[in-house]
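Examination of the molecular architecture
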Amino acid sequence: MRWDWRPPLGFLVGAVACLAGGLTVASSALVGLLVAAVVLLLTRLDGAPDPAWDRRHYDRRHGARGEVQDLAWAMVGRDGRVGERALRQLRDVARSRLARHGRSIDDADIEQVLGARAHRTLTRTRSPLPSVADLRHTLDVLDRLGPRRTPTDDDAGSPLS
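Below: a short report on this structure.

Definitions and limits used
- Residues numbered from 1 in each chain as written.
- Predicted model: local features only at pLDDT ≥ 70, side-chain atom pairs only at ≥ 80, totals over all residues.
- Heavy atoms only, no water.
- Helix = DSSP H or I, 4+ residues; strand = E, 2+ residues; numbered from the N terminus.
- Buried < 20%, exposed > 50% of the residue type's maximum accessible area, 1.4 Å probe, protein only.
- Lys, Arg positive; Asp, Glu negative; His and termini not counted.
- Salt bridge = Lys/Arg side-chain N within 4 Å of Asp/Glu carboxyl O.
- Polar contact = N/O pair within 3.5 Å; in protein donor to acceptor, adjacent residues only side chain to side chain.
- Contact = heavy atoms within 4.5 Å.
- Expected span 1.5 Å × (residues − 1).
- Arc of directions from axis to C-beta.
- Axes fitted to C-alpha atoms, helices over the stretch in contact; angles between N-to-C directions.
- Left-handed = near helix turned anticlockwise from the far one by under 90°.
- Nonpolar A, V, L, I, M, F, W, Y, C, P; charged D, E, K, R; others polar.

**Some words on the side chain of R91**
Topologically, R91 is positioned in helix α4 (residues 84-100). In this structure R91 is buried but unpaired, with E84 as the nearest side chain of opposite charge at 4.0 Å. Among the polar contacts made by the side chain of R91, one reaches the main-chain carbonyl oxygen of R124 at a distance of 2.4 Å. With residues up to four places along the chain from it excluded, the contact list for R91 reads E84, I105, T121, L122, T123 and R124.

Written as structure tokens, this is what we have:
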């Protein structure tokens, strides 16, 4: 290990400059120590950033097992309430299911079609988040709508026409 001459030189330069400027010996020595400490810090600092952690990137395909596992973890948040991620996914499912029937969550009479509890679950915008039972009930209501609109003879009288 080599001896570093830069901090002592900084001390001397700082102290001599202060003495030449008219400061006392004690004040000059103190300024010299400060300059030496700054020089020491600047010589020891490494400008290169620390290497970042290498993150593994998994190939996630739609419907993959990992996606189901992530959704299961997001299902129950704090206090037995569903997480925000599960609620967003439920809203996406509801939008696509209702769109297949030519409807939207924002329709005026959609509460009559879905029911008050499911409608409240889908349109909730503030705390507390819905419970797991509310989420399950809303999924059941959306499941009963069916994946596609089925034309019937009395299509004009159905709530999804």
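**Quick notes on α4**
End to end, α4 covers 25 Å across 17 residues, agreeing with the expected 24 Å (1.5 Å per residue, within 8%). Listed as buried for α4 are A86, L87, L90, R91, A94, R97 and L98. Down the axis of α4, the smallest arc covering the buried residues is 140°, so these residues share one side. Phi turns positive, to about 75°, at G102, one or two residues after α4.

**Details of the packing of helix α1 (residues 6-20) against helix α2 (residues 25-44)**
Orientation of α1 relative to α2, taken along the N-to-C sense of each, is 145°, at an axis distance of 7 Å. For the pair α1 and α2, the sense of crossing is right-handed. Contacts between α1 and α2 involve R6, P7, G10, F11, G14, A15, C18 and L19 from the former and V25, S28, A29, V31, G32, L33, V35, A36, V39, L40 and T43 from the latter. Within the contact of α1 with α2, the residues separate by chemical class into 13 nonpolar, five polar and one charged.

**Things to note about the pattern of salt bridges**
Within the structure shown, the criterion is met by five salt bridges. The partner of D134 in a salt bridge is R117, with the nearest N and O atoms 2.8 Å apart. A residue pair is termed long-range when its members are at least 10 positions apart, and D134 in helix α7 (residues 132-145) and R117 in helix α6 (residues 116-123) qualify at 17 residues. Among the residues examined, D134 registers a relative accessible area of 15% and is labelled buried. In this structure, a network of salt bridges that share partners links the residues R103, D107 and D109.

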